[in-house]
There are 2 protein chains.
Amino acid sequence: MLSKKTKYGLKALTFLAAQKGRTPVQISEIAKHENISQKFLESILLTLRKTGILGSKKGKGGGYYLIKDPKDIPMTTVMRVLEGPIAMVPCVSLNFYEKCEDCPDEASCSVHKLMLQVRDSTLEVFRNNTLADLVP
Amino acid sequence: MLSKKTKYGLKALTFLAAQKGRTPVQISEIAKHENISQKFLESILLTLRKTGILGSKKGKGGGYYLIKDPKDIPMTTVMRVLEGPIAMVPCVSLNFYEKCEDCPDEASCSVHKLMLQVRDSTLEVFRNNTLADLVP
DNA sequence: TTATTACCCTATCGATTTAATAGAGTAAGC
DNA sequence: GCTTACTCTATTAAATCGATAGGGTAATAA
């Protein structure tokens, strides 16, 4: 299941990508337009800023803005920041790999075999989509 | 993230599919072989039986067995029983559809657009795999 | 310089889900 | 009729999620 954090984050990013220029947009404006709890959105935008996807400007006329062009922001990056691992099990994750405790041999593990295929196909979708593709 | 319920369920089903005949296998044997808590596995096998994937036999020499040939059990069925919806958001789910509260228009929703692609690609993987394909 | 604006951070909370455990009940077979 | 092994209910601890509250801090305009 997609977390609300990811859902809201995607909506906020899409909203920013749909803006004309690169002028900062206030949190309150995004929250209102996308029906998101403002405080919750704050924490989401904060992580997006810390990972270099967003920039922010304080003071009057401040807000958040995209650092790069939407077409240069792949969904793989966004999803990993917001949702975490793309794989459904750690033992098939590229960026968050962990060995299964209960599994003696990955090569012969049926779950591993299936989830590897799922990861690859999901990854392809995210690689083929940039933030620009999400803008209506 | 894949739940342990699904993970254990898949392992148990694969173990059953790898058996020679159709003789019932005891829970304790499966649990031991796959490193699964026996009591937890009990509840998993029970749901698999209730949904018609497994059959069971009580008494001495009893246990669980596959009702159908492994190659006639698509992963879509198994995953929906164990994990629930395949889609990451209810609004793109085929079998568990629900409208988003916060989303005024699905057609113009960026999350919807992206998750639809993910669902389709994941679904294709599960449709192309039967239980027989998981057996090493 | 000062007031305002808006970002930034910490803490907390209830609700829900997950994984596991315990214990008693019931049906089938030898 | 007694054992075996499935069946069911209830409980639990831990983790996560979504949301809220409240205050702190930095930057900007006037």
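- An unreviewed UniProt entry annotates chain A as Rrf2 family protein of Arenibacter palladensis.

## Describing the relation of the copies chain B and chain A
Copies of the same chain, two in number, are related to each other by a rotation about an axis and a translation along it.
Piece 1. Note on the copies: chain B fits chain A at an RMSD of 0.0 Å, the axial shift is 0.0 Å, and the rotation between them is 180 degrees. Such a combination of rotation and displacement between the chain copies is what one expects of a two-fold axis. Closest approach to the rotation axis among the C-alpha atoms of chain B is made by B:Ser121, whose C-alpha sits 2.9 Å away.

## Re the environment of B:Asp133
Piece 1. Relative to the helices and strands, B:Asp133 is located in helix H6 (residues 131–134).
Piece 2. On the accessibility criterion, B:Asp133 (36% relative accessible area) is partly exposed.
Piece 3. Measuring from C-alpha to C-alpha, the distance between B:Asp133 and B:Met75 comes to 9.5 Å, with 58 residues separating the pair along the chain.
Piece 4. For B:Asp133, the residues in contact, after removing those within four places along its chain, are A:Lys113 and B:Asn128.
Piece 5. Separated by 2.8 Å, the side chain of B:Asp133 and the backbone nitrogen of B:Thr130 make a polar contact.

## Brief notes about the interface of chain B and chain A
Piece 1. Listed as interface residues are 35 residues of chain B and, on the opposing side, 35 residues of chain A.
Piece 2. The contact between chain B and chain A buries some 3,100 Å² in all, and 66% of this surface belongs to carbon and sulfur atoms.
Piece 3. When the buried area of chain B at its contact with chain A is split by residue, B:Met88, B:Asp102 and B:Leu114 rank highest and sum to 19% of it.
Piece 4. At the boundary of chain B and chain A, one finds zero salt bridges.

## Some words on the pattern of salt bridges
All names here are of chain B.
Piece 1. With the rule as written, the count across this model stands at five salt bridges over all chains.
Piece 2. With a shortest N-O distance of 3.8 Å, lysine 71 and aspartate 69 are connected by a salt bridge.
Piece 3. Here aspartate 69 falls in the partly exposed class, since its relative accessible area comes to 31%.

## Observations concerning the environment of B:Leu131
Piece 1. The residue B:Leu131 is located in helix H6 in this model.
Piece 2. Distance in space between the C-alpha atoms of B:Leu131 and B:Val81 is 14 Å, their sequence separation being 50 residues.

## A short note on the protein's contact with DNA strand D
Piece 1. In the vicinity of DNA strand D lie 23 residues, with A:Lys4, A:Lys39, B:Glu42, B:Ser56 and B:Tyr64 positioned nearest.
Piece 2. When the atoms of DNA strand D within 4 Å of the protein are grouped by moiety, sugar and phosphate amount to 70% of the total.
Piece 3. The separation between a phosphate oxygen of DNA strand D and a polar main-chain atom of A:Lys4 is 2.9 Å.
Piece 4. At a separation of 3.0 Å, a phosphate oxygen of DNA strand D approaches a polar side-chain atom of B:Gln26.
Piece 5. Only helix H1 (4–17) and helix H3 (38–50) of chain A together with helix H3 (38–50), strand S1 (54–57) and strand S2 (63–66) of chain B provide two or more residues apiece to the surface near DNA strand D.
Piece 6. In terms of residues, the surface near DNA strand D owes the most to one element, H3(B), which gives five residues.

## Points about the protein's contact with DNA strand C
Piece 1. Taken together, 24 residues form the shell around DNA strand C, and within it A:Gln26, A:Gly63, A:Tyr64, B:Lys39 and B:Phe40 come nearest.
Piece 2. Backbone atoms, meaning sugar and phosphate, make up 73% of the atoms of DNA strand C lying within 4 Å of the protein.
Piece 3. In the model, a base oxygen of DNA strand C is placed 2.3 Å from a nitrogen or oxygen of the B:Lys39 side chain.
Piece 4. Within the residue set of the surface near DNA strand C, elements represented by two or more residues are H3, strand S1 (54–57) and strand S2 (63–66) of chain A together with helix H1 (4–17) and H3 of chain B.
Piece 5. At five residues, H3(A) tops the list of elements feeding residues into the surface near DNA strand C.

## A closer look at the domain arrangement of chain A
Residues and elements named next belong to chain A.
Piece 1. When the domains of chain A are assigned, the result is domain 1 (4–66) and domain 2 (73–134).
Piece 2. Placing a centre on the C-alpha atoms of domain 1 and another on those of domain 2 gives a separation of 26 Å.
Piece 3. On the side of domain 2, ten residues touch domain 1, which itself brings 13 residues to the contact.
Piece 4. For the pairing of domain 1 and domain 2, the buried interface totals around 940 Å² over both sides, and the portion due to carbon and sulfur atoms is 82%.
Piece 5. Interface area lost by domain 1 to domain 2 is led by Thr6, Leu10 and Ile53, which between them contribute 47%.
Piece 6. Applying the counting rule to domain 1 against domain 2 returns zero salt bridges.
Piece 7. Between the two partners, domain 1 and domain 2, sit one residue pair in polar contact (both at pLDDT 80 or more).
Piece 8. Elements supplying a minimum of two residues to the side of domain 1 that touches domain 2: H1 and H3.
Piece 9. Looking at side-chain class alone, the side of domain 1 that touches domain 2 contains seven nonpolar, five polar and one charged residues.

Procedures and definitions
Residues numbered from 1 in each chain as written. Chains lettered and ligands numbered in written order. Predicted model: local features only at pLDDT ≥ 70, side-chain atom pairs only at ≥ 80, totals over all residues. Heavy atoms only, no water. Least-squares fit on C-alpha atoms with pLDDT ≥ 70 in both. Helix = DSSP H or I, 4+ residues; strand = E, 2+ residues; numbered from the N terminus. Buried < 20%, exposed > 50% of the residue type's maximum accessible area, 1.4 Å probe, protein only. Contact = heavy atoms within 4.5 Å. Polar contact = N/O pair within 3.5 Å; in protein donor to acceptor, adjacent residues only side chain to side chain. Buried area = accessible area lost by both parts, 1.4 Å probe. Salt bridge = Lys/Arg side-chain N within 4 Å of Asp/Glu carboxyl O. Near = heavy atom within 4 Å. Domains from an automatic or database assignment. Nonpolar A, V, L, I, M, F, W, Y, C, P; charged D, E, K, R; others polar.

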